[in-house]
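Observations on chain architecture
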Amino acid sequence: MLSPEVYALLVKATLETLHMVAVSGALGTLAGLPLGVLLAVTGRGELLQNLAFNRVAGVVVNVTRSTPFIILVVAIIPFTRLVAGTSIGTAAAIVPLTVAAIPFIARIVEGAVREVDRGLIEAAQAMGATPFQIIVKVLLPEALPAIALGLTLAVVSLIGYSAMVGAVGGGGLGDLGIRYGYQRFLPEVMLAVVIVLVVLVQLVQSTGDRIARRVNKRNPTS
Amino acid sequence: MIKLQSIEKTYPARGGGAPVPALSGIDLTVGRGEIFGIIGRSGAGKSTLLRTINLLETPTAGRVLVDGVELTALPAAELRAARRSIGMIFQHFNLLSSRTVYDNVALPLELAGVRKAAIRQAVDPLLELVGLTDKRDRYPAELSGGQKQRVGIARALANGPKVLLSDEATSALDPETTGQILELLADINRRLSLTIVLITHEIAVIKEIGHRIAVLDGGRIVEKGAVFDVFAHPVHATTRGFVDPVVNRGLPDSLRHRLSPVPAPDANPVLRITFTGDRATSPVISMLSRKFNLDLNIWHGQVDEIQGSPFGTLVVEAVGTTTAIEAAISLLRVNNLGVEVIGHALPGSLRAAG
């Protein structure tokens, strides 16, 4: 089995991965959620139609989304240095992870909010609701099950991305797998890294599914 | 209570096409405490018209007044406040799936900034009014269609509105549930003297609870009046199309083909006599026979009831001199009975049989 040194490295790497995913996931949600709502409500014929904003935000989101993550990491190194003071290590890795998470989450939230029945918006308008009230009291609660599933997907993707930043010195499980498992040819380390990643993804997915089921009141049996 | 003045609504052109007119020249007054039904085929503009009343649809031209306030002149914030006194219910209920029955009914109060304790005091009696106290903490997905619409009604009443707009509220319900919901609406109308405007493509809905009716066709009001009058004497073809199936004024096919639209030699005129209200039972036929020496062959007759008032039609073939028939018609008219010549009996039809 794994030597105590390697085992300690594995624990450290797992914690680093969790740290990167948690922080970038939280920051990504913090920015991506409102951005997604704005994308949804500024579209043509929507609550707060603003086509100029919608188009510009859409293009920015698409540019980020279409850049392969590994390219994005390298491309924004100056920005990463500016924010984190360094381009190497866990703290630095959080910057590109967050930059990638924001548009990803924004699109997920946009889709979830757009799925909300227009009749509900109309009903709220008929009650004299302000656009802000409609967003907070109608759109977000009704979109919550879809948002929960989407955020789960985003976190799973972030776990994958976080392994990629390992390749450019970001720390975490990816870093461990590449440096020890691949470059030093320690197949048992590689296997351990893969197992931990699989377990992490499973845990995140099943937790996300459970939350989504709990907040979904559309199905009478749940 | 509600006044629509020369409302026009035109949707802007899409991709090179001409602008689409949805409503034109709508003038409508709905009295306080009235149940006003608007009927029309799909695409006639019913929905647009109803949504004009609370300005969910902004008219291209014209004025909307509700309870003396000109909604079309209000800035956005005041319009939102005004909307609180106009409840609305929908064909597909439009309840929030994420909220319980209680929380759905509480929503309009929350939006209006009412405090929690006051919300509770308002919501519980409303649930009782619509008979859903036992479903208080259920989610909409656990309710039947009729129960969902009851929640919709309770929610629409939460802010104590003066007007209730009903957008095909019973169209997604089965006939029995429809009856119960209509009963509830009529009850609310009486108890709270709430003005109700309902749009529907189901004439039976208006026949049951409506006081006045407007018929919409191609974005115009083609006929309006008291429900009884419009049902008894529909004028416009669209109105007849709606009214005929539920108030059988028409002739059975077997008799209709014996009618000729133009006078022919030897063809006797066929009259349709309409009896309304307390005249539905007056012995007019025997009186005409004696007075004008007429033979009246009864072709077809029936008595219906519109909102509790008897309404009868009698189709007779009049055999006698032209002067006698004309005198009989004018006597009927003087007595305020509806009478129209609907055709001429082809020779050898009923008389031979009789």
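- Named according to an unreviewed UniProt entry, chain B is Methionine ABC transporter ATP-binding protein originating from Azospirillum oleiclasticum.

- As named in an unreviewed UniProt entry, chain A is ABC transporter permease, taken from Azospirillum oleiclasticum.
- Quoted verbatim from the Subcellular location (unreviewed entry) heading of the UniProt record, the comment on chain A is "Cell membrane".
- Taken directly from UniProt, the Sequence similarities (unreviewed entry) text for chain A runs: "Belongs to the binding-protein-dependent transport system permease family."

1. Some thoughts on the pairing of strand S1 (residues 2-11) of chain B
Residues and elements named next belong to chain B.
- Pairing geometry for S1 and strand S4 (residues 61-66), over 5 bridges, is antiparallel. Along S4, the bridge assignment pairs Lys 3 with Leu 65.
- The pairing of S1 with strand S2 (residues 20-30) spans 7 bridges and is classified as antiparallel. Bridge assignment links Lys 3 to a residue of S2, and that residue is Thr 29.

2. Some thoughts on helix H6 (residues 175-192) of chain B
Residue and element names in this part refer to chain B.
- Spanning 18 residues, H6 covers 25 Å between terminal C-alpha atoms, matching the ideal 26 Å at 1.5 Å per step.
- Its side-chain oxygen 3.1 Å from the backbone nitrogen of Glu 176, Asp 174 forms the N-cap of H6.
- Taken from the residues just after H6, Ser 193 is the one with a positive phi, measuring 40°.

3. Brief notes about the environment of Val 61 of chain A
All names here are of chain A.
- Relative to the elements of secondary structure, Val 61 occurs in helix H2 (residues 51-66).
- The class of Val 61 is buried, set by a relative accessible area of 2%.
- Through-space distance from the C-alpha of Val 61 to that of Leu 72 is 13 Å; in sequence the pair is 11 residues apart.
- Not counting the four nearest positions on each side in its chain, Val 61 is found in contact with Leu 35, Leu 39, Pro 103 and Arg 107.

4. Some remarks on the nonpolar core
- Grouped together as the largest cluster of nonpolar side chains are 84 residues, with contacts concentrated most on Ile 2 and Leu 4 of chain B.
- A per-element tally of this core places helix H5 (residues 90-114) of chain A first, with 12 residues.
- Ignoring sequence-local partners within four residues, the contact set of Leu 4 of chain B consists of Ile 26, Asp 27, Leu 28, Leu 49, Ile 53, Arg 63 and Val 64 of chain B.
- Ile 35, Val 151, Leu 164 and Phe 231 of chain B belong to the second largest nonpolar core, which has 51 residues in total.

5. Some points on the packing of aromatic side chains
All names here are of chain A.
- Scanning all chains against the criterion turns up 1 aromatic pair over all chains.
- Between Phe 69 and Tyr 161, the aromatic rings sit 4.4 Å apart at their centres with planes inclined by 5°, giving stacked as the arrangement. Taken together, the positions of Phe 69 in helix H3 (residues 69-75) and Tyr 161 in helix H7 (residues 131-165) put the pair 92 residues apart, joining distant regions of the chain.
- Seen from the ring of Tyr 180, Arg 184 lies directly overhead, with NZ or CZ sitting 4.2 Å from the centre.

Reading the values: rules and limits
- Residues numbered from 1 in each chain as written.
- Chains lettered and ligands numbered in written order.
- Predicted model: local features only at pLDDT ≥ 70, side-chain atom pairs only at ≥ 80, totals over all residues.
- Heavy atoms only, no water.
- UniProt positions renumbered as here; feature names shortened; annotations may be inferred.
- Pairing = 2+ DSSP bridges.
- Helix = DSSP H or I, 4+ residues; strand = E, 2+ residues; numbered from the N terminus.
- Expected span 1.5 Å × (residues − 1).
- Polar contact = N/O pair within 3.5 Å; in protein donor to acceptor, adjacent residues only side chain to side chain.
- Buried < 20%, exposed > 50% of the residue type's maximum accessible area, 1.4 Å probe, protein only.
- Contact = heavy atoms within 4.5 Å.
- Core = buried A, V, L, I, M, F, W, Y, C linked by side-chain atoms within 4.5 Å.
- Phe/Tyr/Trp six-rings, centres within 6.5 Å; stacked < 30°, edge-to-face > 60°.
- Lys NZ or Arg CZ within 6 Å of the ring centre and 35° of its normal.

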